[in-house]
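Examining the three-dimensional arrangement
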Amino acid sequence: MHISGVSFDRHTPKHGNLQLHITHHCRGYFREFFRPSPLFTFLELFSVTQTWRLPPLSSCRFSLYVISEETFSFNWLLAFREKLTCSWSLIATVASLVTLVSIVHMFLFPSVPSFDYFGYKQVKDSCIPINETINVEKKHILPLNATFPADLHKAVVYRGAPWKAEIGQWLSACSSVATTIKVLEPISGKKCEDGCSGQGICNHELGQCRCFHGFSGEKCSERLELSCNYPATEELPYGRWVVSICSTHCDTTRAMCFCGEGTKYPNRPVAESCGFQMILPSEPGGPKDVDWSKSDHENIFTTNGSLPGWCNVDPVEAYDLKVKFKEECDCKYDGLFGRFCETPVLSTCINQCSGQGHCRGGFCQCENGWYGVDCSIPSVHSSIQDWPQWLRPAQVTVPDNEQVTGSIVGLQAVVEKKRPLIYVYDLPPDFNSILLEGRHFKLECVNRIYDQDNATIWTEQLYGSQIAMYESMLASPHRTLNGEEADYYFVPVLDSCIITRADDAPHLSMEEHRGLRSSFTLDFYKKAHDHIVEQYPYWNRSSGKDHIWSFSWDEGACYAPKEIWNSMMLVHWGNTNSKHNHSTTAYWADNWDQVPSDKRGNHSCFDPEKDLVIPAWKRPDVTSLTLKLWDRPREERKTLFYFNGNLGPAYERGRPEATYSMGIRQKLAEEFGSAPNKNGQLGKQHAEDVIVIAHPSESYHEDLASSVFCGVMPGDGWSGRMEDSILQGCIPVVIQDGIFLPWENVLNYESFAVRLGEDEIPNLVNILRGFNETEIEFRLANVKKIWQRYLYRGSILLEAERQKSAFGHINDWAEKLSELSDDDDVFTTFIQILHYKLYNDPWRRQQTNMKNETGIPRECLLKV
């Protein structure tokens, strides 16, 4: 390569730079490597515009924009020389020319940005022997040593969110330019013995049966007897109390109580106190009690309309008030709707069985050729045209018929995907489906049920986030069936359902755990760990560090078994135990202090280096969406600070425990309470624009949206106040020492929230009044940008698609969500964090077997 000509020309005044043209000859392929910088378009430096195929001795053109003598130095040229397989003579010539032009440039344009704002573009083989064959692809790379602008609080913005600087920089430089890779997706076809006897679903990957509730064995041929009652005694003929206690007919496949044969409505539930005599209060207005030793058959089985019946009560007559009915009876079980369970409706299943199966009470009964907890995994017996979106488009290689000597047991599908890739274990149903099918109260642990028209009813269950995250993961394009190619492994144990079921029936063996639901649930996680270690090869490769577990309950992963603590925990309670180093719950059965150390080990509840706090479930509120409360401007937010929630024993119907909220809410109320407590007293520093109240507000969301700052404090463990604040556009004021909130270890909270120490509560209002309007507007604007990252928008729209496909209509909540800008939500944020951690977690960097195909530039694999 040699210099054949040099020319200088003045660039446009708008850009204000000199342009150096170097014309040279080279052979073979040449890549021109210039395009506008992502930060300053007036300095176009080292980025690809196109690739040219040039004949020998053709003329190629370099365009170098001179910046300044000190930043455009010979040291830079040395680095550049390493990227070009060209002669030193060329570099020396370029250096001389650059120095000359730099001197001229300093006189003409002395003020220009520092070169620190820019990175370099890796360029290979710009001079290649003509006879070599090489495939040069066009790529746009933002290298890691580019400096990305930070806000006043040192956050780097990526896709509208203020991230901690190192994370935001990597995502901006690397995740933003990630490309697809080709993944081999195995389509399995192993058969199960006797087709699981028609009482289960075959996992075609392992060739194992997943048995319905009440059945077990390798072929699901063994019928279980799951009693509703503990053994009878002389004093308690139906045994001691348990949620499923039954004086009528017990369905022993599910441990549920029904009216039974011989009644007009045999499938009508007789749940809990419904089947037993009531003890009337001793004084007017007092609460009723239940006599668990005496059945109430005379009433619930009666056909006399003047008695409070149940099992033979006609719903039409009851609604017309022509007959009496027992008010303690209720329609609790899933799959039935109406005051008298008169209407069969859809039950809640994971992803509603993906359109490839029938939901039976919570367990997906898949169609032939499909399997998995949501019937989303195709086997070789499925129709390719019905494959889910996360397996499309696929190139499938089918074995030659002449070479097939028996049934096809496996195919390979080539699918283009982006990392990170997540393998979701198809666990035995004890850990998920059976927990859904066997729950005794339809609203427990789910984010939705269905009404008489099979329209979606979203629940207020904060624990519904576990279902939402699980469903999103199963339907995500980041999901893979190829465990060998996966970056992460998700272990779907639904602890939100386990804990609510712990007292449901004697067969759940709570007595073995001394009544501790925390210990009982720990045991479930341990069994899931043992299963995947025994059945799969993936755990031991990293000692579980690339595995993900979900803990939804009040204090998060405090009760995780020691065997799985290396893994990532998804929680709502980010307690590092740096200050609050013991169980804070008021529920004795959930107290993890009582769990033996030989089971739990000695870990904290949360490790910010590996774990994530994810938002709680919040239903889509049509009113808030319609009014766009998150977008309410500053001038309409008249209240300085707002908090509405349980304030403890000093208030009517307040929690009686002094330890509730670790005393934080109580301290706030003592200082700023704006409604009288039991003694008629207001807070010591009561102010008109500071609202701290205990009684529920009918305009709660409107009140939040009318405030500048909103309080975020714990309840009995975590609460949903952070999500309430963000979703209504209010700046969160976090008061809980040593406890992380959703995304707090990855997003830069100083850019959109305020965190105060617990001992700063008396000075709270003074601190808030100290923020100037510029800072307030700045944080409000950031809340407005990130609010969807605290909403399970993707999961909600998955349900909208299912409803539209099944019934052909769109609900109002779906219509309002569809009108929103397509910003990143909870699950999208989760994937972005996984992508960052995939290449930046220290234990990953120590590995020598980094995936060959990553889809990101090589610079992003190197430690900065």
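Summarised in this report is the structure supplied together with it. (Residues numbered from 1 in each chain as written. Predicted model: local features only at pLDDT ≥ 70, side-chain atom pairs only at ≥ 80, totals over all residues. Heavy atoms only, no water.)

1. Let's talk about the packing of aromatic side chains
- Using the criterion set out here, one finds 36 aromatic pairs in the structure.
- Relative to Phe340, the ring of Tyr319 has its centre 5.5 Å away and its plane inclined at 75°; by these criteria the two rings are edge-to-face. Note that Tyr319 is positioned in helix H5 (residues 315-319) and Phe340 in the loop between strand E17 (336-337) and strand E18 (343-344), a separation of 21 residues in sequence.
- What makes Phe340 buried here is its relative accessible area of 1%.
- Taking 6.1 Å as the distance between ring centres and 90° as the angle between the ring planes, the aromatic pair formed by Phe431 and Phe524 counts as edge-to-face. (Phe/Tyr/Trp six-rings, centres within 6.5 Å; stacked < 30°, edge-to-face > 60°. Helix = DSSP H or I, 4+ residues; strand = E, 2+ residues; numbered from the N terminus. Buried < 20%, exposed > 50% of the residue type's maximum accessible area, 1.4 Å probe, protein only.)

2. Describing the state of the cysteines
- Counted according to the given criterion, the structure contains 15 disulfides.
- Disulfide pairing places Cys192 opposite Cys202 at an S-S distance of 2.1 Å. Torsion about the S-S bond of the Cys192 and Cys202 cystine: about 80°, corresponding to right-handed handedness. Here the residue Cys192 occupies a position in the loop between strand E8 (181-188) and strand E9 (200-203), and Cys202 occupies one in strand E9, the gap between them amounting to ten residues. With respect to class, Cys192 is no different from Cys202; both count as buried.
- Between the sulfur atoms of Cys710 and its disulfide mate Cys730 the distance is 2.1 Å. Handedness here is read from the sign of the S-S torsion; for Cys710 and Cys730, about 100°, the answer is right-handed. (Disulfide = S-S within 2.5 Å.)

3. Thoughts on the sheet that holds strand E30 (residues 568-571)
- Spatial strand order, E25-E28-E29-E30-E32: five strands in an open sheet with parallel pairing. A single partner strand is all that each edge strand has here, and the edge strands are strand E25 (422-424) and strand E32 (612-613).
- Packed onto the sheet, helix H7 (residues 465-474) meets E25, strand E28 (488-491), strand E29 (547-550) and E30 and runs at close to 115° relative to E25. (Pairing = 2+ DSSP bridges. Contact = heavy atoms within 4.5 Å. Axes fitted to C-alpha atoms, helices over the stretch in contact; angles between N-to-C directions.)

4. Observations concerning helix H20 (residues 826-840)
- Over its 15 residues, H20 extends 21 Å from the first C-alpha to the last, a length consistent with the 21 Å expected when each residue adds 1.5 Å.
- H20 sits mainly inside the fold: 14 of its 15 residues count as buried.
- Its side-chain oxygen 3.3 Å from the backbone nitrogen of Phe827, Asp825 forms the N-cap of H20. (Expected span 1.5 Å × (residues − 1). Polar contact = N/O pair within 3.5 Å; in protein donor to acceptor, adjacent residues only side chain to side chain.)

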